Amino acid sequence: KFYDSVDALFNISKQTCNIVRNVRSSYEDWQVTYIPHGIAEEDFYPIDDRYSLMDKFKKFKSDAMQNKDKDFVIFYNARNIRRKLPGDIVYSYRTFCDSLSKEDADKCLLLMHTQPIDENGTDLPELVSSLCPDYDVQFSHGKLEREQLNWLYNCADVSILISSNEGFGLMGAETLMCGVPLIVNVSGGMQDYCGFKKEDGTHLTHEDYTTEWGSNHDGRYKDHGEWVFPVWPTSRSIQGSPMTPYISDDRPDFQDVAIQMKTAWSERGEKLKKRGMAGREFIINPEHGFTAREMSKRFVHDIDQTFKNFKPRSRIQITNATKWVKPKPSFNGLTLSKEIS
């Protein structure tokens, strides 16, 4: 009913754009547009030798790693909630480290910027203690300024986001803006910055999703940008709640995630950095719309189109009207009953 009451809908992902168009067929084309979340280039960027605060950054990085010498850092920046699958990330990390020699595993770090204990998620320190006691996992959970958050991204060799359902996945776009590659579950809005291409070599657009094919989680298109290490869901189910009756829940296998961790590890160094910088070039390209500047331009354009094409409605429209009848006494006080007119 909220959707029915608005004059235009600007959608943050290609999949949402498709859903709205198909569920609400009364919309005209101009009313349903695609505006992805934009990332500010001045807030998130790669740090190099020209960086004016290099000494502070190095001190911050050393503290984040507890003054340990690491040559492969996997970074997670999201809430400790179930749909983000933080426990699966820890399990995948252990499985990945199990595949390495002890010397190589000791050089790895899983850095998690999240609340370590959350009732909507789990007790991550206890999970690490029980499931991953032999490998290094560190937590960062204080609130950071954007500059410090940019430092955290730049500490990483690769970031990870494997949420089972995700409208957009802000962390993924921020990661790529910082020139860091991404291990990602192919689900929801996270697909949009993976750079998937069709047979003719062009990127998927919101026009390619239909009622019959609403997501690339089935792996129809596997040609992707070099900046991502995609993980394909092995379980696709329907979850829901009273407020959200149903949503696609795409879960990857922790072993597949571990394989992609190993792939990224095998390319650590300049090759991995090159992948990440290719991701930044994709993100800042106005064609794809992931910068704050491009998001603002598209928003202004679509607002103008809304005013241009606006068609007034009747001031009042009554649907599903109800009338209340006289309360009837009951053994438990007064109970209100209603009739549907």
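Residues numbered from 1 in each chain as written. Predicted model: local features only at pLDDT ≥ 70, side-chain atom pairs only at ≥ 80, totals over all residues. Heavy atoms only, no water.

Right, let's talk about the overall build of the protein chain for a bit. Per the secondary structure count, the protein chain includes 10 helices and 14 strands. Taken over the C-alpha atoms alone, the protein chain extends approximately 75 × 60 × 40 Å along its principal axes. For the protein chain, with 341 residues in total, the buried portion stands at 46%. As displayed, the protein chain offers around 18800 Å² of accessible surface, 51% of which is attributable to carbon and sulfur atoms. For the protein chain, the separation between the mean place of its 44 positive charges and that of its 50 negative charges on side chains is 5 Å. (Helix = DSSP H or I, 4+ residues; strand = E, 2+ residues; numbered from the N terminus. Buried < 20%, exposed > 50% of the residue type's maximum accessible area, 1.4 Å probe, protein only. Areas by Shrake-Rupley, 256 points an atom, 1.4 Å probe, with all protein chains shown as cover. Lys, Arg positive; Asp, Glu negative; His and termini not counted. Charge placed at Lys NZ, Arg CZ, Asp CG, Glu CD.)

We note that N67 has phi near 60°; this positive angle belongs to a residue other than glycine. We note that L85 has phi near 55°; this positive angle belongs to a residue other than glycine. Along the chain, L85 turns up in the loop between β3 (72–77) and α3 (86–98).

Looking now at the sheet that holds strand β5 (residues 137–140). In space, the six strands of this open sheet follow the order β5-β4-β3-β6-β7-β8, with parallel pairing throughout. This sheet does not close on itself; its edge strands, each paired only once, are β5 and β8 (228–231). Between one strand axis and the next, the sheet turns by 25° as a mean value, whatever way the strands run. As paired strands, strand β4 (residues 108–113) and β5 are joined by four bridges and run parallel to one another. (Pairing = 2+ DSSP bridges. Axes fitted to C-alpha atoms, helices over the stretch in contact; angles between N-to-C directions.)

With that settled, consider the pattern of salt bridges. Taken as a whole and judged by the stated rule, the model has 19 salt bridges. Of the charged contacts, one joins K107 and D69 as a salt bridge, the two residues approaching to 2.8 Å between their closest N and O atoms. Pair noted here: K107 is in the loop between α4 (102–105) and β4 and D69 is in the loop between α2 (54–64) and β3, with a separation of 38 residues, a long-range link. Assessed through its relative accessible area of 28%, K107 is described here as partly exposed. With its nearest N and O atoms 2.8 Å apart, the salt bridge here joins R251 to D249. Salt bridges sharing partners connect three or more residues here, namely K68, K70 and D136. (Salt bridge = Lys/Arg side-chain N within 4 Å of Asp/Glu carboxyl O.)

On to the packing of helix α7 (residues 170–177) against helix α9 (residues 270–284). In contact at an axis separation of 7 Å, α7 and α9 are set at 110° when each is read in the N-to-C sense. When the interaxial angle is binned, α7 and α9 end up roughly perpendicular. Here A173, L176 and M177 of α7 come into contact with α9, specifically with G276, G279, R280, I283 and I284. Of the residues that constitute the contact of α7 with α9, the class distribution is five nonpolar, two polar and one charged. (Parallel < 35°, antiparallel > 145°, perpendicular 65-115°, else oblique. Contact = heavy atoms within 4.5 Å. Nonpolar A, V, L, I, M, F, W, Y, C, P; charged D, E, K, R; others polar.)

Another point: the confidence of the model for the protein chain. Of the residues in the protein chain, 92% reach a pLDDT of 70 or more, and the chain-wide mean stands at 92. Contacts of residues 331–341 to residues separated by more than four positions or lying in other chains number 19 contacts, the stretch itself having pLDDT below 50. (pLDDT = per-residue confidence, 0-100.)

Formed by 49 residues in total, the largest nonpolar core has its most connected members in F44, F57, Y153, L182, Y193 and F290. Among the elements that make up this core, the one with the highest residue count is helix α6 (residues 146–155) (five residues). Listed in part, the 32 residues of the second largest apolar core include Y93, V137, I160 and A264. (Core = buried A, V, L, I, M, F, W, Y, C linked by side-chain atoms within 4.5 Å.)

With respect to the helices, strands and loops of the structure, Q138 is situated in strand β5. A polar contact of 2.9 Å, which involves the side chain of Q138, links it to the side chain of D136. Once residues lying within four places of it in the same chain are set aside, the contact partners of Q138 are A64, Q66, K68, L109, L110, L111 and M112. (Polar contact = N/O pair within 3.5 Å; in protein donor to acceptor, adjacent residues only side chain to side chain.)

Glancing now at α9. For α9, with 15 residues, the first-to-last C-alpha span of 21 Å sits near the 21 Å given by 1.5 Å per residue. Within the sequence span of α9, burial applies to L272, R275, G276, A278, G279, R280, F282 and I283. Those residues of α9 that are buried lie in contact with β3, α7, β8 and α8 (254–266). (Expected span 1.5 Å × (residues − 1).)

A few words on α3. Compared with the 18 Å implied by 1.5 Å per residue over 13 residues, the 18 Å span of α3 between its first and last C-alpha is a close match. What α3 keeps buried is the set P86, I89, V90, S92, Y93, F96 and C97. Viewed along the axis of α3, the buried residues span an arc of 165°, placing them on a single side of the element. (Arc of directions from axis to C-beta.)

Our next topic: the side chain of T175. Take T175: it is sitting in helix α7. In terms of polar contacts, T175 uses its side chain to reach the side chain of S159, at 3.1 Å. Residues contacting T175, with those up to four places away along its chain left out, are Y153, S159, V180, P181 and L182.

Attention shifts here to the packing of aromatic side chains. In this structure the tally under the stated criterion is 16 aromatic pairs. Pairing W213 with Y221 gives two aromatic rings, centres 5.5 Å apart and planes at 85°, and the pair type is edge-to-face. Here W213 matches Y221 in class, with each residue buried. Members of the aromatic cluster, connected to one another through ring pairs, are F168, Y193, W227, F282 and F290. Taking NZ or CZ as reference, K222 lies 5.2 Å from the ring centre of W232, over its face. Sitting above the plane of the W265 ring, R268 keeps its charged end 4.0 Å from the centroid. (Phe/Tyr/Trp six-rings, centres within 6.5 Å; stacked < 30°, edge-to-face > 60°. Lys NZ or Arg CZ within 6 Å of the ring centre and 35° of its normal.)

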